[in-house]
Amino acid sequence: MSLPEIVSRAQWRAALANLLVKEKAATRARDALNAERRRLPMVAVDKEYVFEGGDGKATLDDLFEGRPQLIVHHFMFAPEWDAGCRCCSAFLDQIGHVAHLAARGTTFAVVSRAPYTRILPFKARMGWSLPWYSSSGGDFPYDFEATVERDGELVDRAGVSCFLRDGERICHTYSTYGRGLDGLGSTTSLLDLTALGRQEEWEEPRGRASALGTPVNSAPVRYHDEYED
């Protein structure tokens, strides 16, 4: 096994300082990329989608739970499977407490093609409380490219899609798949995918969150049981 070289503390600090310069450059580049993502145009969602969840039938609007933004995790769970994808399961395991997303007007939901009767026992086995819906029989996974055709067969792929609600209108703002999910899980990493971002004053473009009347992150982060939804 090739391990790092052992050096003195002074040499290590010098090497770390050189690396820090590159890390800060990467952070600034990431901030610029996130700003560019927030400037993406969006597409109005005109089709009616119907899902099945814990409270029965639900529309795409219902998945927002009254908040301005929605992040959907396309969880690979084919209709004939008895359990969900292992990699998608590992991804859900690392999702932070969603109260921090909700406090910023954003709902996180999971959608799979499997019938809800298959989703429910697996969800209980994994101990998850995240809202999970079945899109069985509907066009949602196909329209948002979570299920694609390859060599004549339907193939699911893990992904995340973001939506923004402005009044009565729902718009699709962003989607990413596969390696695009690497590094996601924290509140800030998920908010960075959305049109409204982290809703902090330094973000570009300025003033977008307050213009839509969403909760702006002007107060310090709270304990998750202290937020008022």
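Everything that follows concerns the structure shown earlier in this document.
Residues numbered from 1 in each chain as written. Predicted model: local features only at pLDDT ≥ 70, side-chain atom pairs only at ≥ 80, totals over all residues. Heavy atoms only, no water.

## What to know about the side chain of H100
Alright, step 1. By the element assignment, H100 lies in helix 4 (residues 99–102).
Alright, step 2. Within the structure, H100 has its side chain in polar contact with the side chain of Y227 (distance 2.9 Å).
Alright, step 3. The residues contacting H100, other than those within four sequence positions of it, are T187, V221, R222, H224 and Y227. (Helix = DSSP H or I, 4+ residues; strand = E, 2+ residues; numbered from the N terminus. Polar contact = N/O pair within 3.5 Å; in protein donor to acceptor, adjacent residues only side chain to side chain. Contact = heavy atoms within 4.5 Å.)

## Points about the pairing of strand 8 (residues 153–156)
Alright, step 1. Two elements, strand 7 (residues 147–150) and strand 8, share four bridges in a ladder whose sense is antiparallel. Bridge pairing in strand 8 links E149 to L154.
Alright, step 2. Between strand 7 and strand 8, which pair antiparallel one after the other, the connecting turn spans two residues, and D151 there sits at a positive phi close to 55°. (Pairing = 2+ DSSP bridges.)

## Digging into the nonpolar core
Alright, step 1. Ranked by internal contacts, the top residues of the largest apolar core, which has 28 residues, are F75, F91, L92, F108, W132 and V160.
Alright, step 2. Elements that contribute at least two residues to this core include exactly helix 3 (86–93), strand 5 (106–112), helix 5 (116–126), strand 9 (159–166) and helix 7 (187–191).
Alright, step 3. Ignoring any residue separated from it by four or fewer positions in sequence, one finds F91 in contact with H73, F108, V160, L181 and L184.
Alright, step 4. Residues V45, V72, V111 and Y133 belong to the second largest nonpolar core, which totals 16 residues. (Core = buried A, V, L, I, M, F, W, Y, C linked by side-chain atoms within 4.5 Å. Buried < 20%, exposed > 50% of the residue type's maximum accessible area, 1.4 Å probe, protein only.)

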